Structure formats: structure tokens, C-alpha cells
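# A closer look at the structure
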Amino acid sequence: MKNGDNYCRVCNAELKLAVPFGKMPIANGYLTKDDFDKEYFFELQLGFCPNCYMVQLMTQPDREKMFHENYAFFSSTSARMAAHFKEFADLVIKGYLQSANSFVVEIGSNDGIMLQHFANSGIRHLGIEPSANVAQVAIDKGIRTITRFFDEQLAGEIVEEYGQANAFLGANVMCHIPYLHSVVAGVNILLKPEGVLIFEDPYLGDILEKTSYDQIYDEHAFYFSVTSTSYLFEQHGLEVVDVQPQNVHGGSMRYVIAHQGARPVSIAVVAQRAKEDALGLRNAETFEGLRKNIEHSRDALLNLLRNLKQNGKRVVGYAATSKSTTVTNYCGITSDLVEFISDTTPIKQGKYSPGAHIPIRPYAEFQARYPDYALLFGWNHAEEIIAKEQQFKAAGGKWIVYVPKVQVVG
Ligand code: SAH
Ligand code: TMP
Ligand code: ZN
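Residue numbers here run from 1 along each chain, matching the order of that chain's written sequence. Lettering of chains starts at A and numbering of ligands starts at 1, both following the order in which they are written. Local features in a predicted model are, by the rule used here, given only for residues with pLDDT of at least 70; side-chain atom pairs are given and counted only at 80 or more, and totals for whole chains, interfaces and linings are based on all residues. Water and hydrogen atoms play no part in the side-chain values, which are based on all heavy atoms of the structure.

As a further point, take unusual backbone geometry. Between Val403 and Pro404 the backbone carries a cis peptide bond, its omega angle lying at 0 degrees. In this text, helices come from DSSP runs of H or I with a minimum length of four residues, and strands from runs of E with a minimum of two, each type numbered from the N-terminal end. The residue Pro404 is located in the loop between strand 16 (398-401) and strand 17 (407-409) in this model. Non-glycine residue Asn110 carries a positive phi angle of around 50 degrees. The residue Asn110 is located in the loop between strand 4 (103-107) and helix 2 (115-120) in this model.

Encoded structure:
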């Protein structure tokens, strides 16, 4: 197996550089002024594999730089996501956990946003969450959680202690793990013969269709499609048996995986692969198109922000999302264009945004003195946010969004 940044982490073929973003910091690496001169940067490059079609980052920072005891992302900050994960848990309980003594494992279980529903229903469960601070929140809620990175070795240990699982779940975590083969080998060991892996991640088709390039950052090592995902699992005697598009995180795909031949393959899998062919997910030129669309989006956003500044308007960022790190650094947006970013997460407040060093301020400061424009970095939560900010709108405030295109709304 060849190693290094230029080879596909799934099939080892040589990657093609699709989109170069330049130097980037850790997307969730909020920092204090004292840490500015020690800040870590890496080259963010989107690569396309012409053999298995997996789209992936070329250079990847070490995992310990991203997931640790000061991890800044707490899943339960979004009410919309809390509702989404309740539905996800209900579907798993009804569809796959009806036998006595069922066992469910979730990786990337974070603060227990999904696993709490299994715990509350008295179902045997186990969360695997390496970021100690978020894991502790789950443990305090009575959710059994171990603070480790999931891989093949850990899968073996879990089977020894608990037996195999009926369902193995992951939301917004599979795409975070560069050593995917070890994870999939672990899934193979952990799943009962009739067991299922159900996971969801931001979907490559949506990124292409919406130019949502801000999904591309350090933690997202892979940008899955049904085509590339099928290839990966087939290498391990597993197969994709169902796929269901999800209207969260700007467009995600849920994949249901089973041991080969164990379950019928849904027509949805075949249909989605045909859609992917039509979208050009197997053509390198498609990604040249993406690169051009990203450059246009950047130019339009910068023009808008510079015009607003010239006209003396105040612009504040709304929600210090991981995604905003790519936008601010790629576009070169600093505090001269965006005064501060308002965010509800206490550990981000008082710090500065990664790379661009825009101050992060508590939400109360947004409310205390509404800006003329709010740049909606949390566009994937747009419905929830715009609905609750009626007063901002009533005060004449307007929203700037940049996905699927740069525009002012409200
Ligand atoms: N499932 C939650 C959290 C997603 S964030 C949600 O959708 O909201 C991704 C989480 O995966 C982080 O909490 C991170 O600490 C965790 N993670 C990263 N690498 C992991 C690995 N190898 N095994 C298990 N969890 C991992
Ligand atoms: P994410 O898009 O990476 O999931 O990050 C969500 C961030 O947005 C998190 O820091 C909390 C913040 N946020 C707000 O500040 N206000 C809101 O209304 C919502 C929904 C999120
Ligand atoms: Zn490949």
C-alpha cells in the first residue's frame, strides 16, 4: 500500500487534485490571542480518485489535533438536529432492535444526542467517543460511553465484552476517519450476521449541486457518494442495501449496509447510482466545474462584503460553524469585513476564529445591537435560525447567504 497525500485512501490509485483551497487552520480550533503565533496550518486540497471515485482530502492533520478533550462541537446545540436524531433512533428501534437483548453501538456519539433515546428505552447500548469533554456530557446523562477512537482493534474488544451488535450507527463521523479500512473491518467483526450499519454524512451530490464548498474542511476526510461507498464496502464482503437522502447539514445521505447477501438491495440504491452517473460523479471534469463555481462564489461574496463596508453597513457573522473556517480563510474575510461572529457555544465565546481571527462573541451581543446584515455561516440551520430571528428582521436586519448562491434575503 502506497502512503502519503497523493494516493487514494480507499483503493491506492493516484489522486487528481480537484480544488486547492490554500493554507487552512483546524476548523474547530478557536483560539486566544496568545496562541496566534503557534497556530497550525495545513494545505487544504480536495482530491478525486479516478479509479474508485472516492473524493477526499489529500493532506490530513493528525486526528489528535482535531478530536480531544477541548473539542468545541456539542451536537445538542441544534434543536433541529435533536429532533432528527430522535427520528433516526425511533427508526432503528422499530426496524432493527425488536429482538430481546438487542445491542446497539454508535461511533462519534458526542454528547449522546442520539444514544439517549436507546438508553431511555432500556436498550443495551455503547457509545464510542474519543473527545473526552463531549463524551463526559453523555456519561453524565447515564449513557454508556467509552473515550476511544473506533477501529478494528476496538471492535474485537467490544465483541469480547458485549457480543456482536444488531445495529451499528454513525452520524457525521464515518467521513471523519481517514483509516476507513480499519473501521469497515471493525464493522464486519462487530455486526451480527443479520446486523446493519446505518450511517449518514454530507452527500457529495449536494456539494456539487449547491457549491457548498464549506463542507470541505479538515475533519471531513471523505465526501461520500453511493458509487464510492459501494466500492469501499464491497472490498470487505459488505454491501449497501438502502440509501435515503436526508435534509440536514445542507444535504446528507443515509446508507444502510449489511453483510453481502444478508438483505435485499433496495431499488433506491440502483436509482441513486444512476443519478450520480448523470451528475458526472465519475468524471474528473465535473470537479473542474466545481472549482470554477467555488471561485465565483468567493468573488461574489467578497464583492458584496466590500460594497457593504464602503456603504458604512455593519456586518456580523451568525454561528461560528466549522464550515465558516473554510469560507473566511479561503475568501480572506477578516474582522475588517465581519465585525464579530455571534455564537451560542460558551467555549467558543471570547475566542477568535481559526486563521481569520474574527472575534467570537456571545449571542446576547448580537441581540443587544442588531447589525445591518448577518452573514449566515449556519446556513444549514437556516429555517430554524430565520424563524427565531423575527425581531432582527423587524428591526430591518437582512441575511447574507452564500449557498447555493451569494444573495441577500429578508
Ligand atoms: N454524531 C454527532 C457528532 C458528529 S461530530 C452528530 O452528528 O452530531 C464527529 C464526532 O466523531 C466527534 O464527536 C468526534 O470526537 C468523533 N470521532 C472522531 N473520530 C472518531 C473515531 N475514530 N471513532 C469514534 N468517534 C470519532
Ligand atoms: P455546525 O454547523 O458546525 O453544526 O455548528 C453549529 C454552530 O452554530 C454551533 O457553534 C452553535 C452555533 N449556533 C448558533 O450560534 N445559533 C443557532 O441558532 C444555531 C442553530 C447554531
Ligand atoms: Zn480510489
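Closest axis-to-axis distance for the helix 4 (residues 152-162)/helix 5 (residues 180-190) pair is 7 Å, and the angle between their directions is 15 degrees. Taken together, helix 4 and helix 5 sit at an angle that is classed as roughly parallel. Both helix 4 and helix 5 take part in a crossing whose hand is right-handed. In contact with Glu152, Ala155, Gly156, Ile158 and Val159 of helix 4, helix 5 contributes Ser182, Ala185, Gly186, Ile189 and Leu190. Only Asp, Glu, Lys and Arg are considered charged, only Ala, Val, Leu, Ile, Met, Phe, Trp, Tyr, Cys and Pro nonpolar, and every remaining residue, Gly among them, polar. When the residues that make up the contact of helix 4 with helix 5 are grouped by side-chain class, the tally is six nonpolar, three polar and one charged. The axes used here are C-alpha line fits, helices contributing only the stretch in contact, and every angle between their N-to-C directions lies in the interval 0 to 180 degrees. Angular relationships are summarised with four words: roughly parallel below 35 degrees, roughly antiparallel beyond 145, roughly perpendicular across 65 to 115, and oblique for the angles in between. The handedness criterion is simple: a crossing whose near helix is rotated anticlockwise from the far helix by less than a right angle is left-handed, and one whose near helix is rotated clockwise is right-handed. Contact definition: two residues touch when any of their heavy atoms are within 4.5 Å.

Binding of the zinc ion (ligand 3) to the protein goes through Cys8 (SG), Cys11 (SG), Cys49 (SG) and Cys52 (SG), at separations of 2.3 Å. Each metal's donors are the N, O and S atoms within 2.8 Å of it, or within 3.2 Å when it is Na, K or Ca, and because water is not part of the set, sites may look incomplete. The rule is simple: four donors are tetrahedral if all their angles sit between 85 and 135 degrees, four are square planar and six octahedral if opposite donors span more than 155 degrees and the others lie between 65 and 115, and anything that fits none of that is irregular. For the zinc ion (ligand 3), the four donor atoms are set out with angles of 100 to 115 degrees between them, so the coordination reads as tetrahedral. Mapped onto the polypeptide sequence, the residues donating to the zinc ion (ligand 3) form the spacing pattern C-x2-C-x37-C-x2-C. Taken together, the residues Cys8 in the segment before strand 1 (16-24) and Cys49 in the loop between strand 2 (42-48) and strand 3 (55-57) connect sequence positions 41 residues apart. When sorted by exposure, Cys8 lands in the same class as Cys49, which is buried. To sort residues, take the accessible area from a 1.4 Å probe on protein chains only and compare it with the maximum for the residue type: under 20% means buried, over 50% means exposed, and anything in between is partly exposed.

Turning our attention to the site of ligand 2. Any residue with a heavy atom positioned within 4 Å of a molecule or strand is treated as near that molecule or strand. Ligand 2 sits among 16 residues. The nearest are Lys323, Asp343, Thr345, Lys348 and Lys388. At 2.8 Å, a side-chain N or O of Asp343 approaches an oxygen atom of ligand 2. Note that an oxygen atom of ligand 2 is positioned 2.7 Å from one of the side-chain N or O atoms of Lys348. All accessibility values rest on the Shrake-Rupley procedure with a 1.4 Å probe; residue burial counts only the protein chains present in the view. Relative to its free-state accessible area of 490 Å², ligand 2 is covered by the protein chains to the extent of 97%. In terms of residues, the shell around ligand 2 owes the most to one element, helix 12 (residues 382-388), which gives three residues. When its residues are assigned to classes, the shell around ligand 2 shows five nonpolar, six polar and five charged. Counting of polar contacts relies on pairs of N or O atoms within 3.5 Å, with two restrictions inside protein: one atom must be capable of donating a hydrogen and the other of accepting it, and residues adjacent in sequence are counted only when both atoms are side-chain atoms.

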